[in-house]
Amino acid sequence: MSQLNPIAAPFTTAPVDWNAIRADFPLIAGHDLIYFDNAASSQKPKVLLEAMENMVTTSYANVHRGVHRLSQQATDQYEAARKTVAKFINAADEAEVVFTGGTTDSINTLAFSFGEAHIQPGDEILLSGMEHHANIVPWQLMAERKGAHIKVIPVLENGSLDLEALDALMGPKTKLLSLVWVSNSLGTVNPIPYLIQKAHAYGIPVMVDAAQAAPHMPIDVQAIDCDFLAFSAHKMCGPTGLGVLYGKRHLFEPLPPYRGGGDMIDRVRFEKTTFQGLPFRFEAGTPHILGAVAFASVLSYLSNIGMQQIEARERQLSNSFRQQLQLNFPEVNAIGTAADSVSVVSFLVQGRHPMDVGVLLDNQNIAVRTGHHCCQPLMERFGIPGTVRASLAFYNTEEEIERFFVALRKTIQLLR
Amino acid sequence: MNSSIDETVEQLEADFAMFDSWEEKYEYVMDLGRNLNWPDHLEQREDLLIQGCQSKVWLDHEMQENKIIFYAASEALIVKGLVAMLLNIYSNRSPEEILRLQPDFLDRIGLSQHLSPTRSNGLHSMLATIKRIALAYYTG
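So, how was this worked out
- Residues numbered from 1 in each chain as written.
- Chains lettered and ligands numbered in written order.
- Predicted model: local features only at pLDDT ≥ 70, side-chain atom pairs only at ≥ 80, totals over all residues.
- Helix = DSSP H or I, 4+ residues; strand = E, 2+ residues; numbered from the N terminus.
- Rg over C-alpha atoms; globule rule 2.2 N^0.38 Å.
- Buried ≥ 20, exposed ≤ 12 C-beta atoms within 10 Å, placed from the backbone.
- Contact = placed C-beta atoms within 7 Å.
- Pairing = 2+ DSSP bridges.
- pLDDT = per-residue confidence, 0-100.
- Axes fitted to C-alpha atoms, helices over the stretch in contact; angles between N-to-C directions.
- Domains from an automatic or database assignment.
- Nonpolar A, V, L, I, M, F, W, Y, C, P; charged D, E, K, R; others polar.

Observations concerning the overall build of chain A
When you go through chain A residue by residue, the secondary structure sums to 14 helices and 15 strands. For chain A, the C-alpha radius of gyration of 22 Å lies close to 22 Å, the compact-globule estimate for 416 residues. Across the 416 residues of chain A, 48% fall into the buried class. A fraction of 70% describes how many contacts in chain A between residues 6 or more apart in sequence connect residues 24 or more apart.

Some thoughts on the pairing of strand β3 (residues 67-74) of chain B
Residue and element names in this part refer to chain B. Taken together, the eight bridges between strand β2 (residues 57-64) and β3 define a ladder with antiparallel strand orientation. Across the sheet, D60 pairs through a bridge with Y71, a residue of β3. Counting the residues that bridge the hairpin from β2 to β3 gives two residues, and of these E65 lies at a positive phi of roughly 50°.

With respect to the confidence of the model for chain B
Taken over all residues, the pLDDT of chain B has a mean of 88, while the share at 70 or more is 89%. Across the assembled chains, the prediction reports ipTM 0.89 with pTM 0.92.

Quick notes on the sheet that holds strand β4 (residues 149-153) of chain A
All names here are of chain A. If you trace the seven strands from one edge of the open sheet to the other, you get β2-β8-β7-β6-β5-β3-β4, paired in mixed fashion. Strand pairing shows two members of the sheet lacking a second neighbour, β2 (97-100) and β4, which therefore form its edges. When strand polarity is set aside, the average angle formed by the axes of neighbouring strands in this sheet is 20°. Both strand β5 (residues 174-180) and strand β6 (residues 206-209) contribute to a ladder of four bridges, which runs parallel. Within β6, the position partnered with V180 by the bridge is D209.

Considering the domain arrangement of chain A
All names here are of chain A. Annotation of chain A at the domain level lists domain 1 (15-36 + 306-414) and domain 2 (48-304). When each unit is reduced to the centre of its C-alpha atoms, the spacing between domain 1 and domain 2 is 28 Å. With 25 residues of domain 1 at the contact, the number on the domain 2 side is 21 residues. For the side of domain 1 that touches domain 2, the elements supplying multiple residues, two or more each, are α11 (307-328), β12 (344-349), α13 (376-382) and β15 (387-391). The biggest single contributor to the side of domain 1 that touches domain 2 is α11, with six residues. Counted by class, the side of domain 1 that touches domain 2 contains eleven nonpolar, nine polar and five charged residues.

Following this line, the structure appears as structure tokens:
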């Protein structure tokens, strides 16, 4: 039996100097701005800029193309970046790591390719009621094309999944479970290892949307035994325009390509073109070379801090936020109170529109997100127009949380 | 007798010039919002909804003696206040007056951030809709 919960490993490393870490982020270090919108996109450390500058000034060219030295150097760095990502998520084989444009692009790729290979009319794709639109719409587009149906795992009042509904929703028609690991609007951490095990018992492969999980906890794709996994670089201190689609080789490689173009072909003839295997099959055209190389530096940076340390820090910060909110603000309702959550705290001030709260916080130099967080079905489930969402990262501080609550108090007074 | 559209804008700018802090500005806007009233039918009519990402805005109008009377509703208090401000300026005006007014007063009062096309609160669309309606009557 494999280890089902890799995050439960004991801590052994020395305490982290979080003030020194904060100093690595030029936009927030030494500034008054309280950036609590990390779930939308995280801030960037200096190592990201340094890695890009280094490549631009020493070894930039297109990859997989030329015999010339620069192209070889660039290719080496790009492929080394793939290895770094593979190691970061503990993929068995770096070829299982495909660079994409982001989580949305990853899911669109899989939805198309998986749909072409495996979906027949009447088949079902199982999602949950707390998915981001990016893990709903690509499946709907595919289902419409293929005559398939979308089924949905319901969300309970506390913002966790109704696990008792699973058996009724899984069956021979279910061809894939695609599920968010950490909810971007509630912070709920879904019991992914359990859900994967459950789906596998029915012979159903599982795709994990790890966009909000990868920034906050160690990921071990072999330990959780997911079949596919997607995440974005920009939500974990990396560049925008880059993401990852991981897939187990025996399931991923046989899928037909999503996009055609250069670099992904084996041999092109007007009569018939044959394609490369993993990972190039799914990387048509010139990839985000600079982004991938810089992302590798960022992942090394995060690994040096330690993803377990980052997780512990962020859980501590968001738990402290939640407790103070509950204790000191009876006029505020937390939306999503599942036992297991990380980073994200969503709430509503009773009788006040989230946007009013967001605008008044913005005037006090606090960045939060307000609205439906690209989760309209979930907002409808709770019968609300949206929430105010504070999402914390490891470089945030307890002092910022204290200042946030002073500003929230003032906001509520202004909205009296 | 109503003041002219230019006088209304001047008065608004004068009001805003007196405020020393952002708090006072927003208190003023929110007070306008608290006093905004609208006919009940607005919120029931999907076709009157101006698509905005965060805060819904409904807009209706009627023509009376070459003046366009606008009615608007919203959910968020600050948006209600901004809506009330826009109605104060643009409602009960002739199409010519509406089309002639340059909306740069919003920059001068320091609230244009709420009306820029990238702020998805429906207000920019509301202003565009007001102008489109005026243009339709003007060319009509």
